[in-house]
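# What the coordinates show
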Amino acid sequence: MSQRQGKQREESEQSEQGKTGTPRGGAVWALVITSVAGFMAALDNLVVTTALPSIRKDLGGALDDLEWTVSAYTLTFAVLLMFGAALGDRFGRRRLFLAGLTVFTGASAAAAMAPGIDSLIAARAVQGVGAAIMMPLTLTLLTAAVPAAKRGMAFGIWGAVNGLAVASGPLIGGSLTEHISWHWIFWLNVPLGLALLPLARLRLAESHGTGAPLDITGTLLASGGLFGIVYGLVRGPADGWTSSYVLTGLLAGSALLVAFVVHGTRAKNPMLPMRLFRSRAFAGINAASLLMFLGMFGSIFLLSQYMQGVLGYSPTEAGLRMLPWTGMPMLVAPIAGILSDRIGGRPVVATGLFLQAAGLGYMASVVTADASYAIQLPGLIISGIGMALFFAPAANLVMSGVRPSEQGIASGANNALREVGGALGIAVMGSIFAAQGGYESGQTFVDGLRPALVVGSAVVALAGVAALLIPAARRPAPVTDSAERVPVLESAVH
């Protein structure tokens, strides 16, 4: 399909949407389908962590093998996100969403039935491929189905569900492992996936991007660069930062990403046009997203261990006690979406990030080897409200900062940066923890945890500063027949 034909198809779809108010599939169905699919993909980032001891008992394997049951998913998910979004733009977002969902569901069943540790790692890698195709398309399909005036609320619900999945992974994994079996952390995806497949086929409207040729060079550069960096970050704490494999991954990955940036400025149809970052809105929200996930992932990783290893809670008990933090998005994020429609996304996102930073700073000041839950509770609540205020408006800012035809690219880039931020957070804060403390006793754990939380708080506060650089939104200017009908951001491009 030529670029002109792809553009004509998109204009026809937008014209049909204008007549009916929503695409033929309906906004409610789109919200349900994309939220559940996003939940499945986001949940599998951390759901396996609390099940590792049981997996090792059943399947065997060395420590490195157990680490790969986590990182195999993270790596393939991160490095293929933008390619998945590009495939959806090219061949049809609903079509590729169905393909990704099928791969993810099948790989989940394979992981649940894995006879050995090697087959489990392979299934986890395939899961990541399916998630990388499916996840970025959830946001573009939702955007196409919901009228612009109601997207804030829709993104609020979508953000609440996805935010809850990211943060509650250890709780769900620990509960299923403790009360049923570790196999059910994977079996959980199968009935959900089988239910979503016919619903998505019947209820979602098809949409396309520009129809431009696939950027194979850009895809290889981005995938190779992200793989090298994420591999180095994941393996660094275990192998040592001076390990030849870790250094090679970080240096080669960085070089490939530099080449990817240069390619994005010169290629005719790049996978990620670097001109998008001329928009202060797009650049600001992506910087804020990376830093937010860096601080949040690293903090959850350490605090969940603190509650179990130092305070003596079981995996389920620790997850329940973190609900004031992890469960808050379900309550607050829809409200945040409504607020972003009324006052704009920038103040809501910035407020959420500064609250998250304050909560982590408070936690750093009160953690001890025998801290009561009551003294931790204010920090958990403040962090939860902050995280909830971030998710929904952030999604809206990502999608409104680019042309409709480039929303798939924007979604893939933002999700990839979040994944990289999460891996970076675990690596950086884990390294700070190891340098200042350890697992020898409750006090040595706290000695490492406290400075790590201080760094996490500072990083999230820096994300708040990045959010303040996003320009304030104003009403769309009148458009001509040749103009793109997208929201206009004041001083967005410089």
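Residues numbered from 1 in each chain as written. Predicted model: local features only at pLDDT ≥ 70, side-chain atom pairs only at ≥ 80, totals over all residues. Heavy atoms only, no water.

### Topic: the overall build of the protein chain
Basically, it comes down to this: Put simply, DSSP H or I for four residues or longer makes a helix, DSSP E for two residues or longer makes a strand, and each gets a number counted from the N terminus. The cut-offs for exposure are 20% and 50% of the maximum accessible area for each residue type, with area from a 1.4 Å probe on protein chains only; residues under the lower value are buried, those over the upper are exposed, and the others partly exposed. Whether two residues are in contact is decided by their heavy atoms, any of which lying within 4.5 Å being enough.
Broken down by element type, the protein chain carries 19 helices and zero strands. For the protein chain, with 494 residues in total, the buried portion stands at 57%. Across the protein chain, contacts joining residues at least 24 apart in sequence account for 83% of those joining residues at least 6 apart.

### Quick word on the packing of helix α5 (residues 93-112) against helix α6 (residues 117-145)
Between two packed helices, what matters for the description is the angle formed by their axes and the separation of those axes. As a reminder of what qualifies: A fitted line through C-alpha atoms represents every axis, and for helices the fit uses only the stretch in contact; the resulting angles, taken between N-to-C directions, go from 0 to 180 degrees. Just so you know how the angles are binned, under 35 degrees is roughly parallel, over 145 roughly antiparallel, 65 to 115 roughly perpendicular, and the rest oblique. With the far helix as reference, a near helix turned anticlockwise by less than a right angle produces a left-handed crossing, and one turned clockwise produces a right-handed crossing. Gly is put with the polar residues, along with every residue not named as nonpolar or charged; the nonpolar set is Ala, Val, Leu, Ile, Met, Phe, Trp, Tyr, Cys and Pro, and the charged set is Asp, Glu, Lys and Arg.
Two elements in contact, α5 and α6, have axes whose closest approach is 7 Å; the angle formed by their N-to-C orientations is 150°. As summarised for this structure, α5 and α6 are arranged roughly antiparallel, according to the angle between their axes. Two packed elements cross with a definite hand, and for α5 against α6 that hand is left-handed. Counted together, Arg-93, Arg-94, Leu-96, Phe-97, Gly-100, Leu-101, Val-103, Phe-104, Ala-107, Ser-108, Ala-110 and Ala-111 of α5 and Leu-120, Ala-123, Val-126, Gln-127, Gly-130, Ala-131, Ile-133, Met-134, Leu-137, Thr-138, Thr-140 and Leu-141 of α6 form the full contact between these two elements. Classifying every residue of the contact of α5 with α6 gives 16 nonpolar, six polar and two charged.

### Details of the environment of Ala-350
Residue position: Ala-350 is located in helix α16 (residues 345-366). Ala-350 gets classed as buried once you look at its relative accessible area, which sits at 3%. Sequence-wise, Ala-350 and Phe-390 are 40 residues apart; in three dimensions their C-alpha atoms are separated by 7.6 Å. Residues in contact with Ala-350, not counting those within four places in the same chain, are Gly-464, Ala-467 and Leu-468.

### Some remarks on the nonpolar core
Cut-off, in case you're wondering: Only buried Ala, Val, Leu, Ile, Met, Phe, Trp, Tyr and Cys residues count toward a nonpolar core, and they belong to the same one when joined by side-chain atoms within 4.5 Å.
Counting 127 residues, the largest nonpolar core has Met-82, Phe-97, Met-296, Tyr-306, Trp-325 and Leu-353 as the members making the most contacts within it. In this view, Leu-353 contacts Ala-288, Met-292, Gly-386, Phe-390, Val-460, Ala-463, Gly-464 and Ala-467; residues no more than four positions away in its chain are not counted.

### Some remarks on a nonpolar patch on the surface
For clarity, the threshold we go by: Only residues whose relative accessible area exceeds 30% and that form no salt bridge are eligible for patches; like-charged ones are grouped when within 9 Å, while nonpolar side chains (Val, Leu, Ile, Met, Phe, Trp, Tyr) are grouped when within 5 Å. Residue-level accessible areas treat just the shown protein chains as cover; the underlying method is Shrake-Rupley with a 1.4 Å probe. Salt bridges are counted wherever a side-chain nitrogen of Lys or Arg sits within 4 Å of a carboxyl oxygen of Asp or Glu.
Taken together, the side chains of Phe-354, Leu-462, Val-465 and Leu-468 present a nonpolar region at the surface, about 340 Å² in accessible area. Mapping Phe-354 onto the fold places it in helix α16.

### Digging into the confidence of the model for the protein chain
Selection rule: The quantity known as pLDDT measures the predictor's confidence residue by residue, on a range of 0 to 100.
Looking at the protein chain as a whole, the pLDDT averages 76, with 82% of positions reaching at least 70. Put simply, helix α1 (residues 3-20) is where the protein chain has its lowest mean pLDDT, 44, and α5 is where it has its highest, 90. Counting contacts from residues 1-24, a segment whose pLDDT is below 50, to residues more than four positions away or on other chains yields 38 contacts.

### A look at the packing of helix α2 (residues 27-43) against α5
In the contact formed by α2 and α5, the axes pass within 12 Å of each other and the chain directions differ by 40°. Of the possible angle classes, the one that applies to α2 and α5 is oblique. Like other packed secondary-structure pairs, α2 and α5 cross with a definite hand, here left-handed. For the pair α2 and α5, contact is made by Ile-33, Ala-37, Met-40 and Ala-41 and by Phe-97, Leu-101 and Phe-104, respectively. Of the residues in the contact of α2 with α5, the class split is seven nonpolar, no polar and no charged.

### Some thoughts on the packing of aromatic side chains
To keep things clear, this is the line we draw: Only rings of Phe, Tyr and Trp enter the pairing, Trp through its six-membered ring, and a pair is recorded when the two centres are within 6.5 Å. The plane angle decides the type: under 30 degrees is stacked, over 60 is edge-to-face, the rest tilted.
Applying the stated rule across the entire model yields four aromatic pairs. Both rings, one in Trp-182 and one in Phe-186, keep their centres 6.3 Å apart while their planes meet at 85°; by these two values the pair is edge-to-face. Classification of Trp-182 as buried rests on a relative accessible area of 2%. Aromatic ring contacts, followed pair by pair, group Tyr-306, Phe-433 and Phe-445 into a single cluster.

### Quick look at α5
Selection criterion: The span expected for a helix works out to 1.5 Å for each residue beyond the first.
In this model, α5 (20 residues) spans 28 Å end to end at C-alpha, consistent with the 28 Å of a helix rising 1.5 Å per residue. Along α5, 14 of the 20 residues are buried, which leaves the element largely enclosed by surrounding structure.

### Re the side chain of Gln-356
Within the element layout of this structure, Gln-356 appears in helix α16. Judged by its relative accessible area of 0%, Gln-356 is buried. Other than its neighbours up to four places away in sequence, Gln-356 contacts Met-292, Met-296, Trp-325, Ile-382, Ser-383, Gly-386, Met-387 and Val-460.

### Some details on the environment of Gly-437
Structurally, Gly-437 is set in the loop between α18 (407-436) and α19 (442-468). Sequence separation between Gly-437 and Pro-451 is 14 residues; the distance between their C-alpha atoms is 9.5 Å. Apart from the residues within four sequence positions on either side, Gly-437 is in contact with Thr-444, Asp-447 and Gly-448.

### Focus on the environment of Ala-357
With respect to the secondary-structure elements, Ala-357 resides in helix α16. The spatial distance from the C-alpha of Ala-357 to the C-alpha of Ser-457 is 4.4 Å, given a sequence separation of 100 residues. In this structure, Ala-357 is in contact with Ser-457, Val-460 and Ala-461, ignoring residues within four places of it in sequence.

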